[in-house]
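Here's the letter readout for the chains.
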Amino acid sequence: MANESLIEFFIAEAEDHINLLEKGILNLESNPSDRSMIEDMFRSAHTLKGSAALVKLGQISKIAHLMEDIFEEIKDGKKKTTSGLATWMFRGLDAIKRLIKSVRAGKGEDPSAFEKFNSALNQIHETAKPVSGPAPLETASILEAEMVEEEPTVSAEDILEAEVIEEEPVAAGPAKTVEEKRGVGRRKDDVEVMESKFVRIDIDNVEQLMNLMGELTIIKNYLVQQVSQVHTFRDEINFAGRRLISEVTSFSEKYEYSGLEKADDKVSYVDPLLSEFHELEFDKYDELNLFSRKLHEITDDINEAMKSLSSFFDALSSKVNSMDRLISNSKELISEARMVTIGKLYQRFTRAVRDIALQNNKKIKFMTAGFETKIDKIIFERIFDSILHILRNAIAHGIETPNERTLNGKSPEGTIHLDTRREGNAIVIEIKDDGKGIDFDRIRTVALEKQIIMPNEDLTEEDLLHILFRSGFSTAASADMTSGRGVGLDVVKETLSLINGSIEIMTEKNEGTTFRLKVPLSLIIINVVIFSSGGMEFILPSTLVQELSQIDVDVLEDAETFTLREMTMPITRLNNLLGLRDAGATKQKPVIILNISGKHFAMVVDGLVGQEDTIIKPFGKFLEGIKQFAGVSISADGKIRPVINPAALIDVTAISLESGEVTEKEPVSEQETILVVDDSLSVRKFASMILEGKDYKVLSATNGLEALNIIDDNRVDLIISDLEMPVMHGYELLSELKRRGLLEIMPVVVLTSRSSESHKNKAFQLGASDFLIKPFDETTLYEAAKKNIAPHHLT
């Protein structure tokens, strides 16, 4: 056998030839008079024969040679294409696939493969029905996600080496003809042209590149977050700078040119060098004048430095944004390297549909669309069996027999559409048939028999469709080799959930059924929606999020369902499901609309954080049994974000169709929220650090008006406020809170540098609960917070 490098090149080349031959055989079978592809098929078989001989795969070479002879007879009009002959040719391609798999596994070729295939040819008669035999290969492609569609057949060096090998006799094989040797020369020329455009890349290297891009994306996210915080700091510094400049300017204007004040009991010093000048003829400065001028100069320097710093931040932000775009473009280009056009993969389904239809004695027109849509080859391999399962069901259970269709006024030939398209960050695959649709009465009957539902339960069609995805559920009387082999749609759902995909069913009686699969563009770098619950951040792949909405907290308190545009769905509270404390908004909470196996759910969370591209790390073996989470992601600041697996989470803890009850964990006590209001950045940061260290949630504002805006959107249990602030000072804030009647549930602790009794009395008159003097220490602040928040905190 030739070296492994040559074998790999041959295998990479073989899939294209096999796909072309399968497509051509199907075309010949359905349209025997159509000879448009026969020349390509002949050349493909000829090339496959020669390539196999070059790498010492004699059995494959002889099978391809025999098929080449048949194609030549068809091309010359000496043989007609019948269903039996087509089946024989398909069995030849299946034999080649099995031989290739055996070679890749290191087992070599089956020496009897050609004789078995050749003997079957003698059994073929022009009017014979298909010869029964092993089912076509339906497992993952023999090439296991290699990028063969854009690669040269072999390198020039390998061709030269192969030509030397060819001089040795092939065991039990015919001698090479002149025509075959000329073919090798033509292939060498073709390769030399192609090598200037393509290079063969190991899929593992592409995988490593994508992983590196994922890590780079996390760093990029960190920089983007830091730049955002820098802009916030810049605005605060600018605000403080403007206040400083205003105060210094006012001071300078007041004292810069003031005359010397003479004390009644003191004689001012007069410079003898200036004694001859009147005070209006020469400016004279005391220490206050000089200090004022120096302060003004320093302020000017600070102002210039602030302008430079602001320009630097703007430039840095621009560069980070440019880096963001470059990383996104690089990710797209690297992803392209592992993607193939779906049209090259449709052929595997076309062959399967043809064989399944023959086994069920049904006429099927299989139509495909979206040929140019690109899909990650690895993702395709993961979902291949799921799509094939749906196609089997469509043929076995969905499409009626020709007689039934005729009686119902339909064409005897059923139609199945397979369409693929890109929608945003996802690939959507639709399988649609024009059969009889899903029998809801049958679902209900079987569900009652299996005691999945109770006789008095009022279930919608959506509820019944959701039952189809339960483990072990099937409406078939018995499992068979055609429609799922005893494996139901639960396996399809499980497969999709593992790759952050989803499935949806739409059906109409006597019109047909549509299965819509949605999968991400990539399994490494994924666009996610970030949200918070119970003080933690979680993420969901955006492909699983159908819509975002919100609900009033007053309505949520007793609600069991959520209605959105006349669509009613059960509510699941993530905090309750995971046993987390509630730390959400006062008036409204976000609702994430999910479509789980055709049934909609409204998942209520505490807050929405944003959306970004990130990488998802799978759990190790120690945690792999936790189905409610699909892995973890790392935030820009290094925090762990669990990835919610909504299908598993809702299966375990959501509405039970048997009992109609919601199984939820008791929530732990809510996290107290403190609002710190102070125009000093250092005070806000120091106070926040102390309080967050004591497990409080801390919000901050720079003045009273900003604090009121925060209160409108968030639940606040305690306010710690300064008195002297711009826009709205602390007394005004106290007065407004008192007017609104909020001081009973939102007590205020005053934190100020003013220590006089008049300031303290004024604060208590307006409703303050406590009065602290700056500077403060950790113990004083914490004790004041604990003392004042406890009596008012709502549980």
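Residues numbered from 1 in each chain as written. Predicted model: local features only at pLDDT ≥ 70, side-chain atom pairs only at ≥ 80, totals over all residues. Heavy atoms only, no water.

### Points about the overall build of the protein
Defined as follows: In this description a helix means any DSSP run of H or I spanning at least four residues, a strand means any run of E spanning at least two, and both kinds are numbered starting from the N terminus. Whether two residues are in contact is decided by their heavy atoms, any of which lying within 4.5 Å being enough. The Shrake-Rupley method, run with a 1.4 Å probe sphere, supplies the accessible areas, and residue values consider only the shown protein chains as cover.
In terms of regular secondary structure, the protein is built from 23 helices and 22 strands. Long-range pairs, those at least 24 residues apart, make up 73% of the contacts in the protein between residues at least 6 apart in sequence. Total accessible area computed for the protein in this model is approximately 40100 Å², and 52% of it derives from carbon and sulfur atoms.

### A look at a nonpolar patch on the surface
As a reminder, the rule being used: Like-charged residues are merged into a patch within 9 Å and nonpolar side chains (Val, Leu, Ile, Met, Phe, Trp, Tyr) within 5 Å, provided each residue has over 30% relative accessible area and no salt bridge. The term salt bridge refers to a side-chain nitrogen of Lys or Arg lying within 4 Å of a carboxyl oxygen of Asp or Glu.
Residues Phe233, Ile237, Leu309, Phe312 and Leu316 make up a contiguous nonpolar surface patch of about 410 Å² in total accessible area. Elements with a contribution of two residues or more to the nonpolar patch: helix 8 (203–255) and helix 9 (287–337). For the nonpolar patch, the element with the most residues is helix 9, which contributes three residues.

### With respect to the pairing of strand 12 (residues 567–573)
The following threshold applies: Note on exposure labels: buried denotes an accessible area under 20% of the residue type's maximum, exposed denotes more than 50%, and partly exposed covers the range between, all computed with a 1.4 Å probe on protein chains only. Strands were regarded as paired on the criterion that DSSP finds at least two bridges between them.
The buried fraction of strand 12 is high, at five of seven residues. Linking strand 11 (residues 561–564) back to strand 12 in an antiparallel pair, the connection comprises two residues, with Arg565 at a positive phi of about 50°. One ladder, built from three bridges, connects strand 12 with strand 14 (residues 599–604); its direction is parallel. Within the sheet, the bridge partner assigned to Thr572 lies in strand 14 and is Met603.

### Quick notes on a negative patch on the surface
Selection rule: Asp and Glu count as negative and Lys and Arg as positive, but His and the ends of the chain are not part of the count. Taken as the charge centre is NZ of Lys, CZ of Arg, CG of Asp or CD of Glu, depending on the residue.
Residues Asp552, Asp554, Glu557, Asp558 and Glu560 make up a contiguous surface patch of negative charge. Structurally, Asp554 is set in helix 16 (residues 553–556). Note on Asp554: relative accessible area 67%, which makes it exposed.

### Considering the pattern of salt bridges
Taken as a whole, this structure holds 36 salt bridges when the rule is applied. The shortest N-O distance in the salt bridge between Lys694 and Glu778 comes to 3.8 Å. Taken together, the residues span a long stretch of sequence, with Lys694 in the loop between helix 19 (681–693) and strand 19 (697–701) and Glu778 in helix 23 (residues 778–789) at a distance of 84 residues. Taking relative accessible area as the criterion, Lys694 reaches 35% and is therefore assigned partly exposed. The exposure class of Glu778 is partly exposed, given its relative accessible area of 41%. With its nearest N and O atoms 3.1 Å apart, the salt bridge here joins Asp770 to Lys787. A residue pair is termed long-range when its members are at least 10 positions apart, and Asp770 in strand 22 (residues 770–773) and Lys787 in helix 23 qualify at 17 residues. Residue classification places Asp770 among the buried residues on the basis of a relative accessible area of 13%. Several salt bridges converge on common partners, so that one network encompasses Glu22, Glu29, Asp94, Lys97, Arg351, Arg354 and Asp355.

### Points about the packing of aromatic side chains
Test applied: Each Phe, Tyr or Trp ring (for Trp, its six-membered ring) is paired with any other whose centre lies within 6.5 Å, and the angle between the two planes then decides the class: stacked below 30 degrees, edge-to-face above 60, tilted in between. Two conditions define a charge located above a ring, namely a distance within 6 Å from the ring centre to NZ of Lys or CZ of Arg, and an angle within 35 degrees of the ring normal.
According to the stated counting rule, one finds nine aromatic pairs in the structure shown. When the ring of Phe764 is compared with that of Phe771, the centres are 6.4 Å apart and the planes differ by 45°; the resulting orientation is tilted. The exposure class of Phe764 is partly exposed, given its relative accessible area of 37%. The class of Phe771 is buried, set by a relative accessible area of 10%. Three or more aromatic residues joined by ring pairs make a cluster, and in this case those are Phe349, Phe380 and Phe384. Above the plane of the ring of Phe42 lies Lys75, whose end atom (NZ or CZ) is 4.2 Å from the centre.

### Focus on the packing of helix 3 (residues 58–75) against helix 4 (residues 83–104)
Spelled out, the test is: Between the N-to-C directions of two axes lies an angle of 0 to 180 degrees, each axis being a line fitted to C-alpha atoms and, for a helix, fitted only over the stretch in contact. Orientation categories follow fixed angle ranges, with anything under 35 degrees roughly parallel, anything over 145 roughly antiparallel, 65 to 115 roughly perpendicular, and all other angles oblique. Definitions for this section: a left-handed crossing has its near helix turned counterclockwise from the far helix by less than a right angle. A right-handed crossing has that turn clockwise. Following the grouping adopted for this structure description, the nonpolar residues are Ala, Val, Leu, Ile, Met, Phe, Trp, Tyr, Cys and Pro, the charged ones are Asp, Glu, Lys and Arg, and the polar ones are all others, Gly among them.
At a minimum axis distance of 10 Å, the contact between helix 3 and helix 4 shows a crossing angle of 155°. If you check the angle between helix 3 and helix 4, you find them roughly antiparallel. The crossing of helix 3 and helix 4 is left-handed. Between helix 3 and helix 4, the residues in contact are Gln59, Ile60, Ile63, Leu66, Met67, Ile70, Phe71 and Ile74 and Leu85, Trp88, Met89, Gly92, Leu93, Ala95, Ile96, Leu99 and Ile100, respectively. Partitioned by chemical class, the residues of the contact of helix 3 with helix 4 number 15 nonpolar, two polar and no charged.

### Observations regarding the confidence of the model for the protein
Rule in force here: Scored from 0 to 100, pLDDT records how confident the predictor is in each individual residue.
Overall, the predicted model of the protein reaches an average pLDDT of 77, with 78% of residues at or above 70. Counting interchain partners and residues more than four positions distant, the pLDDT-below-50 stretch residues 125–197 has 125 contacts. Predicted confidence is poor over residues 652–668, with pLDDT under 50, and the contacts of this stretch with residues over four places away or in other chains come to 38 contacts.

### What about unusual backbone geometry?
Residue Pro775 is reached from Lys774 by a cis peptide bond, and omega for that bond is -5°. Within the element layout of this structure, Pro775 appears in the loop between strand 22 and helix 23. Its identity is not glycine, yet Asn510 carries a phi of approximately 65°, on the positive side. Note on placement: Asn510 falls in the loop between strand 6 (502–508) and strand 7 (512–520). Not every positive phi belongs to a glycine, and Val727 is a case in point at roughly 65°. As for its position among the elements, Val727 is in the loop between strand 20 (718–721) and helix 21 (730–739).

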